[in-house]
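Fold and geometry: a report
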Amino acid sequence: TGGSVAAAAVSITCPLPNYPLTYAWSAPAAGSITLTVGIDLTVRNDPLNNGAAADRIGAFQGTINYGTRVSAPVCSANSAAGFSGVVNTAGAGAITAVLTNTTGAAGNVTLYTCTFTYGAGTTTLSAAAGSHLAGDQTGYDFTSLVSIITNPIP
């Protein structure tokens, strides 16, 4: 007939979000457009990635396919953030980047950029499943914790 009972404490552990890997386009200007590829490492604070310190990326590999609206890419790794490696543009309509950083980079990190000739054509930009790998500077593979965001060519 009425009353109350104390309930046991409830603890909810929410999963950590994935690292967003974004392919973002600048506004076209003077017949050119730039693609900036970056990853935000601030969203997880994963203890498996660099322990209690800020999450880092020390290895990246990724392939994208792009539409005919852009051509003749000139790409470079973000050496200012410590990345070196190859951004291969030899395949028609495709770019493959293989980059390393022995100390790892933290924060919202630009991995590489590509400047294209801009014109008429298809606006697609795609990354096939299994086309990317990501890890920290110690070898921890966090590929499965990355969400790829491809924006169409404007």
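Above: the structure in question.
Okay, so let's go over this structure. (Residues numbered from 1 in each chain as written. Predicted model: local features only at pLDDT ≥ 70, side-chain atom pairs only at ≥ 80, totals over all residues. Heavy atoms only, no water.)

1. Here's the deal with the nonpolar core
Counting residues in hydrophobic clusters, the biggest one holds 34 residues, and the most contacted among them are Ile-39, Ile-57, Leu-111, Tyr-112 and Phe-142. Taken together, the elements giving at least two residues each to this core come down to β1 (19-25), β2 (32-40), β3 (56-66), β4 (70-77), β6 (94-106) and β7 (108-118). Ranked by the residues each element gives to this core, the list is headed by β7, at five residues. Here Ile-39 is in contact with Tyr-19, Pro-20, Leu-21, Ile-57, Gly-107, Asn-108, Val-109, Leu-111, Phe-142 and Val-146, once residues within four sequence places are set aside. (Core = buried A, V, L, I, M, F, W, Y, C linked by side-chain atoms within 4.5 Å. Buried < 20%, exposed > 50% of the residue type's maximum accessible area, 1.4 Å probe, protein only. Helix = DSSP H or I, 4+ residues; strand = E, 2+ residues; numbered from the N terminus. Contact = heavy atoms within 4.5 Å.)

2. Observations regarding the pattern of salt bridges
Counting across every chain of the model gives one salt bridge. Measuring nitrogen to oxygen at the nearest pair gives 3.3 Å for the salt bridge that ties Asp-46 to Arg-44. (Salt bridge = Lys/Arg side-chain N within 4 Å of Asp/Glu carboxyl O.)

3. Some thoughts on the sheet that holds strand β10 (residues 146-150)
Read from one edge to the other, the open sheet built from five strands follows the order β4-β7-β2-β1-β10, with strand pairing classed as mixed. The open sheet has two free edges, formed respectively by β4 and β10, since each of these has just one partner strand. Adjacent strand axes in the sheet meet at a mean angle of 15°, parallel and antiparallel pairs treated alike. Pairing geometry for β1 and β10, over five bridges, is parallel. Residue Tyr-23 lies in a different strand from β10, and its bridge partner there is Thr-150. (Pairing = 2+ DSSP bridges. Axes fitted to C-alpha atoms, helices over the stretch in contact; angles between N-to-C directions.)

4. A closer look at the side chain of Arg-44
Along the chain, Arg-44 turns up in the loop between β2 and β3. Judged by relative accessible area, Arg-44 falls into the buried class, the value being 10%. In this structure the side chain of Arg-44 is engaged in a polar contact, spanning 2.9 Å, whose partner is the backbone oxygen of Pro-17. Of the polar contacts made by the side chain of Arg-44, one reaches the side chain of Asp-46; its length is 3.3 Å. In contact with Arg-44, other than residues within four places in its own chain, are Leu-16, Pro-17, Asn-18, Tyr-19, Asp-55 and Leu-145. (Polar contact = N/O pair within 3.5 Å; in protein donor to acceptor, adjacent residues only side chain to side chain.)

5. Describing the packing of aromatic side chains
Inspection of the entire model under this criterion finds five aromatic pairs. Judged by centre distance (5.2 Å) and plane angle (70°), the rings of Tyr-66 and Phe-116 are edge-to-face. Highlighted residues: Tyr-66 in strand β3 and Phe-116 in strand β7, separated in sequence by 50 residues. Under the relative-accessibility criterion, Tyr-66 is labelled buried at 12%. With 6.3 Å between their ring centres and 40° between their planes, Tyr-140 and Phe-142 make a pair best called tilted. In this arrangement the basic side chain of Arg-44 is found over the ring face of Tyr-19, its NZ or CZ atom lying 5.8 Å from the centre. (Phe/Tyr/Trp six-rings, centres within 6.5 Å; stacked < 30°, edge-to-face > 60°. Lys NZ or Arg CZ within 6 Å of the ring centre and 35° of its normal.)

Just geometry here; none of it tells us what the structure is for.
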